Amino acid sequence: MAAGQTIRFAREIRLRRRGHPEQMLRVLQDHAGWYYILRLAGTQDFGPYLLEEITGAFDVEPEPLSVHELLQGPSDGESGADPPNPEDHP
């Protein structure tokens, strides 16, 4: 992501930790399907990630506990975004 570029997120997803059902990990999903870890915002490790990377690294269940839609749709510049491809991951 280029400096000064803004990411518009489509949804906030809460994932439950395995073995700790009272603990959750909150992630954001952009309109292209990439995931970002909310608690790491402002750091290099914020994202983007594939969901499989997050579930493995943070030991969370792959099925979301809850999903909250954030925007109605992508902005004009994002409408042609491609879904994530594991081979393109930075």
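J.: It is not clear to me how the packing of aromatic side chains should be interpreted in this structure. Could you clarify?
T.: Two descriptors summarise a pair of aromatic rings, namely the distance from one centre to the other and the angle between the planes of the rings. For the structure on display, the rule yields 3 aromatic pairs. Pairing Phe9 with Tyr36 gives two aromatic rings, centres 5.3 Å apart and planes at 75°, and the pair type is edge-to-face. Of the two residues, Phe9 is situated in strand 1 (residues 9–17) and Tyr36 in strand 3 (residues 35–37); the sequence distance between them amounts to 27 residues. For Phe9, a relative accessible area of 14% corresponds to the buried category. Assessed through its relative accessible area of 7%, Tyr36 is described here as buried. A ring pair is formed by Phe9 and Phe46, whose centres lie 6.2 Å apart and whose planes are at 85°; its orientation type is edge-to-face. With a gap of 37 residues between them, Phe9 in strand 1 and Phe46 in the loop between strand 3 and helix 1 (51–58) connect regions that are remote in the sequence. Of the two residues, Phe9 and Phe46, neither departs from the other in class, the shared state being buried.

J.: Help me understand the pattern of salt bridges in this model?
T.: Should the charged atoms of two oppositely charged side chains come close, the side chains can pair. Enumeration according to the criterion identifies 4 salt bridges in this entry. Note that Glu12 is salt-bridged to Arg14, the shortest N-O span being 3.2 Å. One salt bridge connects Glu12 with Arg26, and the closest N-O pair in it is separated by 3.0 Å. Within this pair, whereas Glu12 is found in strand 1, its partner Arg26 is found in strand 2 (residues 20–30), the two being separated by 14 residues in sequence. According to the relative accessible area criterion, Glu12 is buried, its value standing at 12%. Residue classification places Arg26 among the partly exposed positions, given a relative accessible area of 37%. What emerges from the salt-bridge pattern is a single network uniting Glu12, Arg14 and Arg26.

J.: Is there a simple way to explain the side chain of Gln29 in this structure?
T.: Its place among the elements puts Gln29 in strand 2. Within the local environment of Gln29, its side chain forms a polar contact with the side chain of Arg11, the two groups lying 2.7 Å apart. Side-chain polar atoms of Gln29 contact the side chain of Tyr35, separated by 3.1 Å. Sequence-distant contacts of Gln29, defined by excluding residues within four places in its chain, comprise Phe9, Ala10, Arg11, Ile13, Trp34 and Tyr35.

Definitions and cut-offs
Residues numbered from 1 in each chain as written. Predicted model: local features only at pLDDT ≥ 70, side-chain atom pairs only at ≥ 80, totals over all residues. Heavy atoms only, no water. Phe/Tyr/Trp six-rings, centres within 6.5 Å; stacked < 30°, edge-to-face > 60°. Helix = DSSP H or I, 4+ residues; strand = E, 2+ residues; numbered from the N terminus. Buried < 20%, exposed > 50% of the residue type's maximum accessible area, 1.4 Å probe, protein only. Salt bridge = Lys/Arg side-chain N within 4 Å of Asp/Glu carboxyl O. Polar contact = N/O pair within 3.5 Å; in protein donor to acceptor, adjacent residues only side chain to side chain. Contact = heavy atoms within 4.5 Å.

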